[in-house]
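Understanding the architecture of this molecule
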Amino acid sequence: MAIASVVLDIQTRSLESAYSYLVPDALEKEVGVGATVLVTFGRRPAVGYVVAKSSELADGVDPSKLRAIEQVLEPSAFDETAAELALWISREYACPAVAAIRLFLPPGSLPKAKKAEDGSWTLTPSHLGKLENRWVGLSESGKDFTPRADAYRQRELVDALSKGPLRLSELKATLPGVASTLRTLEKRGVVELFEGEAEPIRQEATTLGSAHAPLPERLTKGQAHALTAISRALGRGDGGVVLVDGVTGSGKTEVYLEAIEAALALGRGAIVLVPEISLTPQTLGRFRSRFGDEVALMHSRLTPAERRQQWMAVSAGKARVVVGARSALFCPVKDLGLVVIDEEHEFTYKQEQAPRYHARDVAAKLVQLKRASLVLGSATPSLESLKRCEDGEFLGSRWERVRMPERATGALLPNVTLVDLRGTHTEGSTVFSPELADALRETHRAGEKAVLLINRRGFSPFLICEDCGCVPECPHCSSSLTYHAKRRELVCHSCGSIWPLKPWPDPTSLCPHCGSRYLRAPGVGTERVEGEVRGLLPDAEVIRMDADTTSGAGAHQRLLERFDATPGAVLVGTQMIAKGLDFPEVTLVGVVNADTSLKLPDFRSAERTFDLLEQVTGRAGRGERPGRVIIQSYWSTHPAVACVASKDRESFVRAELALREEAQYPPYVRLANITASGADPRRVESTIAELSGRLREAAPTAGWQVVGPAECLRAKIRDRHRHHVLVKAPLGAPLGEALFNLARGLGGPGVSLAIDVDAYEVL
Ligand code: ADP
Ligand code: ZN
Ligand code: ZN
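Residues numbered from 1 in each chain as written. Chains lettered and ligands numbered in written order. Predicted model: local features only at pLDDT ≥ 70, side-chain atom pairs only at ≥ 80, totals over all residues. Heavy atoms only, no water.

1. A short note on the coordination of the zinc ion (ligand 3)
For the zinc ion (ligand 3), every protein donor is listed as Cys474 (SG), Cys477 (SG), Cys492 (SG) and Cys495 (SG), and the spread of their distances is 2.2 to 2.4 Å. With 4 donor atoms in place around the zinc ion (ligand 3) and angles of 106 to 113° between them, the coordination shape is tetrahedral. Of note, the zinc ion (ligand 3) draws all its donor residues from one chain, in the sequence arrangement C-x2-C-x14-C-x2-C. Pair noted here: Cys477 is in the loop between strand E21 (464-465) and strand E22 (482-484) and Cys495 is in the loop between strand E23 (489-491) and strand E24 (498-500), with a separation of 18 residues, a long-range link. In terms of burial, Cys477 and Cys495 fall into one category: buried. (Donors = N, O, S within 2.8 Å, 3.2 Å for Na, K, Ca; no water. Tetrahedral: all angles 85-135°; square planar, octahedral: opposite > 155°, others 65-115°. Helix = DSSP H or I, 4+ residues; strand = E, 2+ residues; numbered from the N terminus. Buried < 20%, exposed > 50% of the residue type's maximum accessible area, 1.4 Å probe, protein only.)

Structure follows, in C-alpha cells:
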C-alpha cells in the first residue's frame, strides 16, 4: 500500500504540519501529489493536500498505526515541483505550509468540507459569480472606423481590438468603465459581441515578421543581444536568469514576445508577470495578437469564476502562456520553460500579507526546479538584481545582464533640468520656481501639455500651530493629519479618519493643544499645486489625479480622457501618473518636489526616489516634439536626484551600493523585520523584548546582527501599538525557518507577531 504525505488545512504552530496516511488500493489512482483529500485527524475530519507519495514507510513508523485517506475531494491541482516550491516558500518566508499551498489551488476553491446526505464529503462550492463568455471584436465596417480625436476611451478600445478580439471579461478588468464606451460603439456598429470560444487567432506577428520566423535583422542590436542570451539560457535549462536592462521604449516587450515564441517552439510554456497597473488592453492585445487563444489572463479584477476558467484552461494545457499579476506565478503551466517579470524593480512584487514572498525570488527558485529560465526586464533594475548579475551567480543560478540603452523607435530621451530650491524665495507662488513657472506658461501658450508630479495628496500634509508649534495628529495613529482644503477636512491617511473643519480660515479652527486659532498649512500636496496652476494659468484645463479623485469606477479613465481631449491641459498627480501615461503632446514634465520620498528613514528611499523620477521623466517627449523635464529639489546634490538629471544611472547605482555595503543592508545581507502589534502597549513591548532576547542568544551561531527592538516609526496604526526588531543575516541563510521557530509561543491573543523576511516595508 502506498503512503501519502498530507499537509493538513488546520491552525498550526509549526511550519510543516505534514502527516503520513495510507492510500487505500481503491484510491491508488486518484491520490496523487496535488490532490485535496479528506482524512481524520484526532477525532475530527480534516481537509489536506498531498505533497508526496511513496511506496515505502519512513523508518520506525508502524503501518498499523496509520490511518487511511478517506476520500479524494478535488483532483490534483499541482505537481511535485510545485509541492516542493510551496514547502520552500513556507520555510523561506516563515509561513505555515498550508498558507503556501493555497497559492497553488484553483481560484475559488474553499478548503471547507461538508457532509452530504449519503455520508460522503464534498468541498463547499464557493460563490463564484457569473461566468462571462462573450468576446468583443471590431465589425467589418468597424475596421475602418476612426474615433474622434478627443474620444480617448474609444481610441484605446479600437486600438486594442485592432489586433484581434478580446474577452469581454478581460476588457472590463483592464479598462475599468469600458461598458458605456462599448454600448456606444456597439450601437454604431463598430464593435460586435459574440458568444463562446473565439477562433484561435494566432495571427502574423506585428512588428517583427511572422510568428514563427522572427527577422533578426530588424531587431535592434540590444534586442538581438538580449535574445541570444535568453536562447542560450533556454538551451542550457539550468534556471539561468537574464536581466534586460533597457530604457523605456527600447523594445523590451518585443524581446519578451520573441522569447516566449522561442519557448513555445521548444514545446514549453511561459508565465509573464506584469504590474497590474501596466496591464492595459493594449499590452494584453500585443500578447493575444501573437499567441491568440493560448494566452490566459490572471487579473485581480476578474471574477473568481473567470479566474477559475482561466486557471482550468492552463491546467488542461489549452493555454500555454499566462499573463498576469503576482499570482500568475502559481498557475499550473505545462512544461514551463520561461518566466518573464516585467518592471522587475516594482515593489508590488513583494506581498505584504502572509505568505510574504517576493515574486522575483520565488520565480528564480521555480525556474531552478523546472530547469527553465527567468527573464527580468526594467528601465531601473533593482539593486538586488544588479548585484547578482555583477556577481554572475546567485544561489546556484547564473545571472547575467544585457543592456538596451536606446529607444527602438530612435526617439530621443528628454532633456532634464535640475532646479535647486535652496535659497530661492519665490514670489507669489510657494510651489513653482521661476523656471518651472515660465516653462508652464510657454507650454500652455504653445497648446502643448504638461504633467506635474507631487507625491502627496491633499492640500498640505500637515498643519502647524503658529503659537505652540504643535502639529495635529490622528488620535488612533501616530501620524500627522493631512489638510484637504476643498472638503475642509483633516484626514488621517493611515486609518482614514476624518475631522471636518469649519470654513477656512475660521476662528473655530482651534489648535487642539493650546486653543490658538492660527493653524498654518505649510506643506505642499496635490490640491495646493492644482490651485497654484489655476492661479498661474487661469484659462488652462487643470486635472488632478490622486487617490481622492480616482476612487469611483472609471474615474481614472474619465480624467485621462479629459486631459487627452484638451489642448494645453495640465495634469497634476501623485505617483500614479508616473507609469504608463503615453500622450504624445506632453512636452513638459515638472517634479514639484523630488525630496518627499527621499526623507523617509527607510534604506530603500533613495532607490524608490530614483525609480520614480526616472519613470516620470519618461512621460515627456513621446511624440515628435522633444520633451523637457524640470525637477525641483532642496537636495539636488543627492545622487538619487542628481543622477536622474545627468542621465548617469551607473553613478547612482555605484554610490547607493557602496552605502548599502557600508551599512550592511540588502542586497549585501538578508533583512527580516519582525513587528509586534496590539492594543496594550506594555504587552506589545514585552513580547518584542522576549523575542529580541531569543534572537540575540541565537545570533552568534547564526551569524546574525540584531537591530532593536524599537518602537516602529509608525508607532500606532488604528489604535494598535507597534514595536519591531530587525535581523540581518548572511545571503542564502535559512532565515525564515529559524525565525519562525524562535518566535514560537510568543504573541497570541491581544498581540500579533508578523515575520517579514526580505522586508520591503520597515516603517
Ligand atoms: P519597452 O517595453 O522597452 O518600453 P516596447 O517593446 O513597447 O518597449 O517598444 C517600444 C516601441 O518600439 C513599440 O512601439 C514597438 O512596437 C517598437 N519597436 C520595438 N522593437 C522594434 C524594432 N526592432 N524596430 C522598430 N520598432 C520597434
Ligand atoms: Zn497650539
Ligand atoms: Zn489614523
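The structure having been displayed, the exposition proceeds.
2. Section: unusual backbone geometry
Looking along the chain, the bond that leaves Ala354 and enters Pro355 is cis, with omega of -5°. For Pro355, the location among the structural elements is in the loop between strand E15 (336-342) and helix H10 (359-370). In this model, Pro666 is joined to Pro667 through a cis peptide bond whose omega is 10°. With respect to the helices and strands, the residue Pro667 is situated in the loop between helix H17 (649-663) and strand E30 (670-678). Notably, Arg371 is not glycine yet its phi reads approximately 55°, a positive angle. Mapping Arg371 onto the fold places it in the loop between H10 and strand E16 (373-378).

3. Describing the packing of aromatic side chains
In this description, a pair of aromatic rings is defined by centroid distance and the angle of the planes. Inspection of the entire model under this criterion finds 11 aromatic pairs. Summarising the aromatic geometry, the rings of Phe459 and Tyr483 are spaced 5.7 Å apart at their centres and angled 75° between planes, so their arrangement reads as edge-to-face. With Phe459 in the loop between strand E20 (449-453) and E21 and Tyr483 in strand E22, this residue pair connects regions lying 24 residues apart in the sequence. Each member of the pair, Phe459 together with Tyr483, is buried. Measuring from ring centre to ring centre gives 4.5 Å for Phe603 and Tyr665, while their planes differ by 10°; the resulting arrangement is stacked. One end of the pair, Phe603, is in the loop between strand E28 (586-591) and helix H15 (605-617); the other, Tyr665, is in the loop between H17 and E30, and 62 residues separate them in sequence. By the ring-pair criterion, three or more aromatic residues cluster together here, those being Phe78, Phe104, Phe330 and Tyr357. Across from the ring centre of Phe563, 5.5 Å away, lies the NZ or CZ of Lys449, which sits over that ring. (Phe/Tyr/Trp six-rings, centres within 6.5 Å; stacked < 30°, edge-to-face > 60°. Lys NZ or Arg CZ within 6 Å of the ring centre and 35° of its normal.)

4. So, the sheet that holds E30
The strands making up a sheet associate through hydrogen bonds between their backbones, and the pairing can be parallel or antiparallel. Pairing is antiparallel in the open sheet, where 4 strands are placed in the order E31-E32-E30-E33. Either end of the sheet is taken by a strand with one partner, and the two such strands are strand E31 (705-717) and strand E33 (751-757). Between one strand axis and the next, the sheet turns by 20° as a mean value, whatever way the strands run. Summarising the sheet, E30 and E33 pair through 7 bridges and their orientation is antiparallel. (Pairing = 2+ DSSP bridges. Axes fitted to C-alpha atoms, helices over the stretch in contact; angles between N-to-C directions.)

5. Some details on the site of ligand 1
Around ligand 1 there are 17 residues in total, and Arg218, Gln223, Gly249, Lys252 and Thr253 lie nearest to it. Backbone polar atom of Gly249 to an oxygen atom of ligand 1: 2.8 Å apart, as the coordinates give it. Within the contact set of ligand 1, an oxygen atom lies 2.9 Å away from a side-chain nitrogen or oxygen of Arg286. For the shell around ligand 1, the element with the highest residue contribution is helix H7 (residues 252-265), accounting for 3 residues. (Near = heavy atom within 4 Å. Polar contact = N/O pair within 3.5 Å; in protein donor to acceptor, adjacent residues only side chain to side chain.)

6. As for the nonpolar core
Counting residues in hydrophobic clusters, the biggest one holds 121 residues, and the most contacted among them are Phe78, Val339 and Leu739. It is helix H1 (residues 80-92) that provides the largest number of residues to this core, a total of 7 residues. Look past the residues within four positions of Phe78 in its chain and what remains in contact with it is Val33, Gly34, Tyr49, Val50, Ala83, Ile101, Phe104 and Leu105. Residues Leu168, Val191, Ile260 and Phe291 belong to the second largest nonpolar core, which totals 50 residues. (Core = buried A, V, L, I, M, F, W, Y, C linked by side-chain atoms within 4.5 Å. Contact = heavy atoms within 4.5 Å.)

7. Remarks on the side chain of Thr36
Examined against the element boundaries, Thr36 turns out to sit in strand E3 (residues 36-41). Take Thr36: its relative accessible area is 5%, and that puts it in the buried class. Aside from chain neighbours lying at most four places away, what touches Thr36 is Val47, Gly48, Tyr49, Gln71, Val72, Leu73, Glu74 and Leu123.

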